[in-house]
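# Coordinate analysis (summary)
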Amino acid sequence: MKNVMAILNLNENEENLYELTKHRPVAAIPFGGRYRLVDFALSNLVNSGIINVGILMPEKFGPLIDHIRSGKEWDLDRQQDGLFILPAADGNAKRRGQLSRDLENFHANINYLRNCRHEYVIISPAGTVCNINYKKAFMFHLEKDAEITVIYKNVGSDYPLEGALTMAVDERGRVTDMAYNARETHNDCLAMETYIMKRTVLIEIIDNCIARGQNNLAMDGILRNLDTYRVYGYEHEGYIGRVDSVYSYYKHNMDILNPEVRNDLYFANGLIYTKTRSEAPAKYSSSAKVINSVIANGCLIEGTVENSVLFRGVHVARGAVVRNSILMQKAQVEENAYVDRVIFDKNVRITSGRSMKGETTMPIVIEKNYII
Amino acid sequence: MRKEWLGMILAGGQGARLKLLTKKIAKPAVGFGGRYRIIDFPLSNCQNSGLDTVGVLTQYKPFALHSYIGTGTAWDLDRTYGGVYTLPPYADEKGGEWYKGTADAIYQNIEFLDIQDPEYVLILSGDHIYKMDYSEMLQAHKKNNADCTIAVFEVPWAEASRFGIMATDETGAIVEFAEKPKEPKSNLASMGVYIFSYAKLREYLIADAPLDTEHDFGKNILPNMLNDNQRMFAFRFQGYWKDVGTVDSLWEANMDLLEDVPAFNLYDPSWRIFSVSPVRPPHYVGLTGEAHRSMIGEGCRIYGKVDHSILFSDVVIEEGAVVKDSVLFPGTIVRKGAYVEKAIVAENSELGEFAIVGRDAAEGPFGDNGGVVLIGEATKVPAGARIRKDATVGKDNV
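The structure reproduced in this document is the subject of the present report. Just so it is clear, the structure is predicted and the values come from calculations on it, not from any experiment. Positions within a chain are numbered from 1, following the residues in the order the chain's sequence is written. Whichever chain is written first becomes A and whichever ligand is written first becomes 1, with later ones labelled in order. In keeping with the predicted nature of the model, local features appear solely for residues at pLDDT of at least 70, side-chain atom pairs appear and are counted solely at 80 or more, and the whole-chain, interface and lining totals rest on all residues. Hydrogens are left out, water is left out, and the side-chain values use all remaining heavy atoms of the structure.

What follows is about the nonpolar core. Nonpolar side chains tend toward joint burial in soluble globular proteins. Residue types Ala, Val, Leu, Ile, Met, Phe, Trp, Tyr and Cys, when buried and joined through side-chain atoms within 4.5 Å, form a set referred to as a nonpolar core. Summary of the burial criterion: residues with accessible area below 20% of their type's maximum are buried, those above 50% are exposed, and those between are partly exposed, where the area comes from a 1.4 Å probe applied to protein chains only. In terms of nonpolar packing, the biggest core is built from 74 residues, with Leu43(B), Tyr134(B) and Ile344(B) touching the most fellow members. For this analysis, residues touch if any pair of their heavy atoms sits within 4.5 Å. When near neighbours in sequence (up to four residues on either side) are disregarded, Ile344(B) contacts Leu21(B), Val247(B), Leu250(B), Trp251(B), Val327(B), Phe329(B), Val372(B), Val373(B), Leu374(B) and Ile375(B). Residues Val342(A), Ile366(A), Val373(B) and Ile375(B) belong to the second largest nonpolar core, which totals 51 residues.

Structure follows, in structure tokens:
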């Protein structure tokens, strides 16, 4: 894959993520007890042999840069190739409920694209967790002699389509339709906003669109060009977890409790790499009671934890009960406190004896550093 | 710019008393605490003490140690100015020699030290578990205008004859040094941690080299310096310190970590112990799993019962299996219904279904693991097997 480069297109829709994206971009949302969403995107690329990755910076890029730094954990800290930070265009803000202007970000970095020597480019978002082998997708792209390959997942007819990019594929594999946030037409395929094309095709698309006042890659770049280019769909058959709302964030983290999902997400085509921390192993006291949960390093468990995902350094004190919840780094549940169906951001503390209960369809999200 | 100080970690020993654990790797590379290797402690101490240059002297089967240390990134020692240097024995015009003793190992690296040109040299062993700020010891060394400062700690009088004992005067200056004395004059034991003024150290190493001695710090260099009335001081260390050189002391030190308030705190944010960690997702405890008084590393899958044990990464405990008072190294699999108690199980071993390890009384003569069962790496203990307490079982003699 030496002649394939990658671009991470991090312009996700944050509308329905509320507190989770108040201080961070979607790509930096903690996931699965240890990772951030972007780790999956980056790891998939490097596991597929891609060593040149440009990252289009989202708003609030601070936590993202702090997490990725030089890219060393993904072996992207290199002299030649490696990681490239691509600044956003001015006025990067998404409009409420409408499509992103991601092509403007691409356009702001068009010289970078022109100067790369790679023949092909893979564009990937970070808002969907999956473990995918791009080599296979790339082989498909070459075999079909496609000019653009769109990667998708067949999600069936009852998948919630609000805010989703869907598509239709004919029997030859050609993409025949793409729709954003369509409620009436039911395309069973969820487009994963991941594309393979020649670098020159991408440059062409960017230039042609921006010149005509068009600025969304999926709608203006791809959908409008279904007849101009040979656009094929490549099906990803593994698990995907699209994080675009508090509910879907909650659901996909809970999916991690299922061993099949874990085996797929964390091992299917390669390991998921992330920023390393020096944290001692989790410690269980004599009163610890843990069932069906994922527990990260540095946790101190003295109470009860059921059906939950605990990130590093979380403390569950004696008599405390944590159920069906997601507790991010260094959250604390003090003695005899009780939480059920909550999402605690970093450092949140619920004090002795207090309780908090959400619903599966509406878990309670507590912003970071809050003390209850 | 002259370097103020650098560290030299003696990591060349085999640690033969750890038996199967050091069959393929040197003692400092042996695992500890569910995540670390013994070398992480001296290395992290160096890093936390502000050293930017550390030499690690290796000799016995150093491959795992060399590849583990790498360029020192994990300990912030991947530096342009300074960093970590692995120093195995080497050949020169006259041939080459293995390191013949602790002092000889440093002596053979005088050229390296001359290039670094430090004012002071910190020498320590790579196989002890402890947290220590060496910069405090350096301060004391400078304040006393010492030629040599030796870190000491108090041992119970009853045990004093097992150690190198330093007798000091009221200023802390060392007046006598006795190696394993029958009648100890003090209960201050040498920790094998020394700070020397380099010029003085160099002198004494060169003087000792051609003689027929053991070329050992404790037996030769220190007594020589003392006899010549060099300025030698003791620096008192307080805190947890453990030499994990035997199977049972390694087991004990691991068990020490499981107290509710352990004597040795690995969770101290002001003194982090750095290590190279495997890339694994957080561990999972299933519906049938249970864990108490234990430490569990990443990637483990727990479907059985874990009590008072330490699990490294990627350990799988199947349903119905029970693990008690044990240390399971990375990749260990304990199959359905198996029972293991008071054991150290090395990497990638498998305990077959319903095997019983360590519970039954010894049938033959006792082994010498102090009651701890030692299972070597990649050993497959067959289903239903029974391994008595204190046994040592490797893949070749299962």
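The next subject is the packing of aromatic side chains. All names here are of chain B. Any pair of Phe, Tyr and Trp rings, taking the six-membered ring for Trp, is counted once the centres come within 6.5 Å. Such a pair is stacked with planes under 30 degrees apart, edge-to-face with planes over 60 apart, and tilted for the rest. Counting across every chain of the model gives 23 aromatic pairs over all chains. Three or more aromatic residues link up through ring pairs in this structure, and these residues are Phe32, Tyr36, Phe41, Tyr240 and Phe264. Cation over ring: Lys131 sits above Phe264, and NZ or CZ is 5.5 Å from the ring centre. Two conditions define a charge located above a ring, namely a distance within 6 Å from the ring centre to NZ of Lys or CZ of Arg, and an angle within 35 degrees of the ring normal.

Once that is clear, we can look at helix H7 (residues 217-227) of chain B. Residue pairs spaced three or four apart in an α-helix point in one direction, given the helix's 3.6 residues per turn. Of the positions making up H7(B), those classed as buried are Phe217(B), Gly218(B), Asn220(B), Ile221(B), Leu222(B), Met225(B) and Leu226(B). A side-chain oxygen of the first residue of H7(B) lies 2.9 Å from the backbone nitrogen of Gly218(B); this N-cap is Asp216(B). Secondary structure elements follow DSSP: runs of H or I no shorter than four residues count as helices, runs of E no shorter than two count as strands, and numbering proceeds from the N terminus. As used in this structure description, the phrase polar contact means that two N or O atoms lie within 3.5 Å; if the pair is within protein, one of them must be able to donate a hydrogen and the other to accept it, and residues adjacent in sequence are counted only when both atoms belong to side chains.

Of the grid points, spaced at 1 Å and generated over the protein atoms alone, those admitting a 1.4 Å probe that cannot get out make up cavities, while open sets with protein on both sides within 12 Å along at least five of seven lines make up pockets; any residue with an atom within 4 Å of a point is treated as lining. Grid points are joined across faces, edges and corners, and a volume is the space filled by probe spheres set on the points. Applying the stated rule across the entire model yields two cavities of 30 Å³ or more. Approximately 80 Å³ is the volume found for the largest cavity. The wall of the largest cavity is formed by Ala41(A), Asn44(A), Ser124(A), Pro125(A), Thr128(A), Cys130(A), Ile132(A), Tyr134(A), Ile151(A), Met192(A) and Thr194(A). When residues of the lining of the largest cavity are traced back to their parent elements, those giving at least two are helix H1 (37-47), strand S7 (128-130) and strand S11 (189-198) of chain A. Residues are sorted three ways: Asp, Glu, Lys and Arg are charged, Ala, Val, Leu, Ile, Met, Phe, Trp, Tyr, Cys and Pro are nonpolar, and all the rest, Gly among them, are polar. Taken together, the residues that form the lining of the largest cavity break down as seven nonpolar, four polar and no charged. Within the residue set of the lining of the second largest cavity, elements represented by two or more residues are helix H3 (102-107) and helix H6 (198-208) of chain B.

All names here are of chain B. Running from N to C, H6 and H7 point in directions that differ by 115 degrees, and their axes come no closer than 10 Å. Relative to H7, the crossing made by H6 is right-handed. Counted together, Lys200, Leu201, Tyr204, Leu205 and Asp208 of H6 and Phe217, Asn220, Ile221, Asn224 and Met225 of H7 form the full contact between these two elements. Taken together, the residues of the contact of H6 with H7 break down into six nonpolar, two polar and two charged. To obtain an axis, a line is fitted to C-alpha atoms, over the contacting stretch when the element is a helix, and the angle between two such axes runs from 0 to 180 degrees between their N-to-C directions. When the near helix sits turned anticlockwise from the far one by under a right angle, the crossing is termed left-handed; a clockwise turn instead gives a right-handed crossing.

So, on to the layout of surface pockets. Residues and elements named next belong to chain B. Of the voids in this model, the largest pocket is the one considered here, and its volume is about 1400 Å³. Lining the largest pocket are 41 residues, and of these Ser125, Asp127, His128, Gly192 and Asp243 lie nearest its centre. Ranked by the residues each element gives to the lining of the largest pocket, the list is headed by strand S13 (residues 188-197), at four residues.

All names here are of chain A. Phi at Asn292 is positive, roughly 50 degrees, even though this residue is not glycine. Here Asn292 shows up in the loop between strand S15 (289-291) and strand S16 (293-295). Owing to a relative accessible area of 13%, Asn292 belongs among the buried residues under this scheme. Residue Asn336 is not a glycine yet carries a positive backbone phi of 60 degrees. Structurally, Asn336 is set in the loop between strand S23 (332-333) and strand S24 (338-340).

A word on the environment of Glu353(B). All names here are of chain B. The topology assignment puts Glu353 in the loop between strand S28 (350-351) and strand S29 (356-357). Among the residues examined, Glu353 registers a relative accessible area of 36% and is labelled partly exposed. With 309 residues separating them in the primary sequence, Glu353 and Ser44 have C-alpha atoms 40 Å apart. Beyond its immediate stretch of four places on either side in the chain, Glu353 contacts Arg335, Lys336, Ala383 and Gly384.

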